[in-house]
Amino acid sequence: MDTELISFLNSNKILKTPLKAYKAFNEDWTSSEGFQYEIGKTYKITNNHEIQCCENGFHACFNPLRVLKYYNPLKAKFAMVEVSGQFDFECNLGKSFIEKIATSEIKIVKELTFDELINEAISSSQNNNIIQCDENNTNLLFNENVSYKNYIINTFNTSIYLLNSIFNTTILNGFENNLMLNNSMDNTIINGRKNIITSHGTFNDIYEKGEFNTINLLSYSNSLFSYGDYTTIINNGEFAKINSYGNNNIINSNGYSNLIYVNGKNTTVNTTGIHLYIQGTIGTKFIFGIYNNRKENKLIGIANITIDGHNLKEGITYFIHNQEDFYISDYKYGVKCDVNVEKIMF
């Protein structure tokens with residue numbers, strides 16, 4: 001809990017001594033609003049508007065992992081910063097934890113890699129639960145109903161169950177593990193090979209960096225960022241965001257209104273959901289189910305397309321209307337694409 005820090009902020013109107021925090025940026029070191037930053041420089045608000053979160057001010061997080069919520073972690077830049085001056089902050093979870101802070105002055109101290117950001121979270125937290133297992137451990141159960149805790153699990157050939165938590169971070173290092181999550185709004189980071197991860201929770205962010213892993217998403221509104229190779233991704237939820245940066249991956253997705261972005265090579269996407277949003281590199285194959293209408297949702301055919309670089313270009317998001325009047329359109333401009341679609345109707 002951030003009780004002491006919250007009390008300190010509530011008792012001060014101006015931060016005279018800079019506080020250490022963390023910030024994420026776009027690839028070119030701009031913010032989501034387009035403001036340009038540089039390492040080592042200090043920036044000050046020059047307008048006379050009140051500093052307010054989400055409205056006016058330089059934003060940062062005291063918890064390093066909270067910055068992952070605002071930018072794509074596989075493309076973002078990260079930095080340690082110092083914040084000072086006038087400020088405003090937001091809390092969540094019963095006002096026990098600080099979500100973010102906005103200040104009138106910020107210094108971009110140094111760049112952090114993704115792994116360094118994770119290490120900062122571990123080293124700065126007093127809520128680390130480090131589990132080191134040997135081959136004799138076959139089952140681990142965590143049902144603590146806690147929040148803002150870091151689980152660092154170093155193990156292999158183990159079944160791990162994490163239940164009833166929120167806003168926690170789980171880092172799994174190992175191979176041939178079976179990790180089952182029933183949490184919400186958690187961060188899960190997978191380093192290793194041949195692990196099976198099954199998520200029953202909602203609004204979770206999962207980051208996978210190994211090889212030959214299998215990710216199962218069984219509920220809705222989850223985000224997956226995978227940059228491992230030979231990964232199998234199975235999504236049975238709705239409103240999922242799947243980002244695949246590795247090579248030789250297989251994605252099977254079922255559900256309504258999912259986003260599937262493929263940035264690696266030799267990846268095949270099979271989906272039976274409707275109202276889809278896709279993006280792929282050249283050579284990515286997408287196989288869709290075709291349905292009579294959304295109400296009956298009866299499968300009446302299969303469509304097959306490939307990102308060829310001509311009719312369908314890489315880096316462009318397309319909307320797939322995979323119903324009886326099947327068509328593909330450029331999501332940004334809403335223009336239907338003249339694409340040769342291979343169809344097999346039942």
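Here we summarise the structure given alongside this text. None of the values given here were measured: they were computed from a predicted structure. (Residues numbered from 1 in each chain as written. Predicted model: local features only at pLDDT ≥ 70, side-chain atom pairs only at ≥ 80, totals over all residues. Heavy atoms only, no water.)

### Focus on the overall build of the protein
Worth spelling out the cut-off: Only DSSP runs of H or I with at least four residues qualify as helices, and only runs of E with at least two residues qualify as strands; both kinds are numbered from the N terminus onward. The buried label applies to any residue whose accessible area, calculated with a 1.4 Å probe on protein chains only, is under 20% of its type's maximum; exposed applies above 50%, and partly exposed to all values in between. Throughout, a residue-residue contact means that at least one pair of heavy atoms, one from each residue, lies within 4.5 Å. We get accessible surface area from the Shrake-Rupley algorithm with a probe of 1.4 Å; when it comes to residues, only the shown protein chains can shield them. Positive: Lys, Arg. Negative: Asp, Glu. His and the chain ends are not part of the count. Taken as the charge centre is NZ of Lys, CZ of Arg, CG of Asp or CD of Glu, depending on the residue.
Counting secondary structure elements, the protein contains two helices and 27 strands. Burial status across the protein gives 50% buried among its 346 residues. Across the protein, every contact between residues at least 6 apart in sequence was considered, and the portion connecting residues at least 24 apart equals 36%. Looking at the protein as shown, the accessible area adds up to about 16,900 Å², and 47% of this sits on carbon and sulfur atoms. Between the centroid of the 28 positive side chains of the protein and the centroid of its 35 negative side chains there is a distance of 3 Å.

### Thoughts on the pairing of strand β10 (residues 169–175)
For a regular strand, the rule is simple: side chains alternate between the two faces of the sheet. Using the following cut-off: The pairing criterion for strands is at least two bridges between them, as found by DSSP.
In terms of burial, β10 is largely enclosed, as five of its seven residues are buried. Note: strand β8 (residues 150–156) against β10, seven bridges, orientation parallel. Paired with I152 across the bridge in β10 is I171. Summarising the sheet, β10 and strand β12 (residues 187–193) pair through seven bridges and their orientation is parallel. In the strand pairing of β12, L172 is matched with I190.

### With respect to the pairing of strand β26 (residues 327–330)
Sheet analysis places strand β25 (residues 318–321) next to β26, joined by four bridges and oriented antiparallel. When the bridges of β26 are listed, Y318 appears paired with D330. Linking two consecutive strands that pair antiparallel, namely β25 and β26, is a turn of five residues.

### Focus on the side chain of T202
Structurally, the position occupied by T202 is in the loop between β13 (196–199) and β14 (205–208). By relative accessible area, T202 is classed as buried at 14%. T202 has contacts with N183, S184, M185, S219, Y220, S221 and N222, leaving out every residue within four places of it along the chain.

### A look at the sheet that holds strand β21 (residues 268–271)
Applied cut-off: Only C-alpha atoms enter the line fits that serve as axes; for helices the fit covers just the stretch in contact. Angles between N-to-C directions range over 0 to 180 degrees.
In space, the 11 strands of this open sheet follow the order β7-β9-β11-β13-β15-β17-β19-β21-β23-β24-β27, with mixed pairing throughout. The sheet is open, and its two borders are formed by β7 (139–142) and β27 (342–345), each paired with just one other strand. Averaged over neighbouring strand pairs, the angle between their axes works out to 10° when direction is ignored. Direction of pairing for strand β15 (residues 214–217) relative to strand β17 (residues 232–235): parallel, over a ladder of four bridges. Across the sheet, I215 pairs through a bridge with I233, a residue of β17.

### Let's talk about the nonpolar core
Condition: Side-chain atoms within 4.5 Å are what join buried Ala, Val, Leu, Ile, Met, Phe, Trp, Tyr and Cys residues into a set we call a nonpolar core.
In this structure, L179, F286, F288, I305, F326 and I328 are the most contacted members of the largest nonpolar core, which totals 38 residues. Filtering out sequence-adjacent residues up to four positions away, I328 remains in contact with I305, L312, Y318, F319, I320, V335, K336, C337 and V341.

### A closer look at a nonpolar patch on the surface
Selection rule: Patch membership requires more than 30% relative accessible area and the absence of a salt bridge. Residues of like charge join within 9 Å; the nonpolar side chains Val, Leu, Ile, Met, Phe, Trp and Tyr join within 5 Å. Salt bridge, as used here: a side-chain nitrogen of Lys or Arg that lies within 4 Å of a carboxyl oxygen of Asp or Glu.
Nonpolar side chains collect at one region of the surface, where M185, F203, Y220 and F239 lie side by side and expose about 400 Å² of accessible area between them. The residue F239 is located in the loop between β17 and β18 (241–244) in this model.

### Topic: helix α2 (residues 114–124)
What counts is decided by this rule: Our arc is simply the arc of the directions from the helix axis toward the C-beta atoms.
Every buried residue belonging to α2 is among F114, L117, I118, E120 and A121, and all of these are buried. Summarising the axial view, the buried residues of α2 lie within an arc of 155°, below the 170-degree limit, and thus occupy one face.

### What to know about the side chain of T267
With respect to the helices and strands, the residue T267 is situated in the loop between β20 (259–262) and β21. Residues contacting T267, with those up to four places away along its chain left out, are G246, N248, N249, I251, V262, T284 and K285.

### Brief notes about the pattern of salt bridges
Pairing between side chains of opposite charge can happen when the charged atoms of each approach one another. On inspection of all chains with the given rule, the structure shows six salt bridges. Between K77 and E111 there is a salt bridge, with its nearest N and O atoms 3.9 Å apart. One end of the pair, K77, is in strand β4 (residues 77–92); the other, E111, is in strand β5 (residues 97–112), and 34 residues separate them in sequence. As a salt-bridge pair, E211 and R193 come within 3.3 Å of each other at their nearest N and O atoms.

### Regarding the packing of aromatic side chains
The cut-off we apply is this: Centres within 6.5 Å make a pair out of two Phe, Tyr or Trp rings, where for Trp the six-membered ring is used; the pair is then stacked when the planes are under 30 degrees apart, edge-to-face when over 60, and tilted otherwise.
Scanning all chains against the criterion turns up 20 aromatic pairs. Judged by centre distance (4.8 Å) and plane angle (65°), the ring pair of F35 and Y37 falls under edge-to-face. Overall, F35 belongs to the partly exposed group, its relative accessible area being 36%. Accessibility expressed as a relative area gives 4% for Y37, which makes it buried.

### Focus: the environment of K343
Mapped onto the fold, K343 is located in strand β27. For the pair formed by K343 and I166, sequence separation is 177 residues and the distance between their alpha carbons is 44 Å. Apart from residues no more than four positions distant in its own chain, K343 is found in contact with I290, I302, A303 and F326.

### Some words on the state of the cysteines
Note the following rule: When the sulfur atoms of two cysteines come within 2.5 Å, that pair is taken as a disulfide.
Applying the stated criterion across every chain, the model contains zero disulfides. This cysteine, C54, is not joined by any disulfide, and C53 carries the nearest cysteine sulfur, 6.0 Å off. The cysteine C61 is free of any disulfide, with C53 supplying the nearest cysteine sulfur at 9.4 Å.

Remember that the coordinates give geometry; whether it matters functionally is a separate question.
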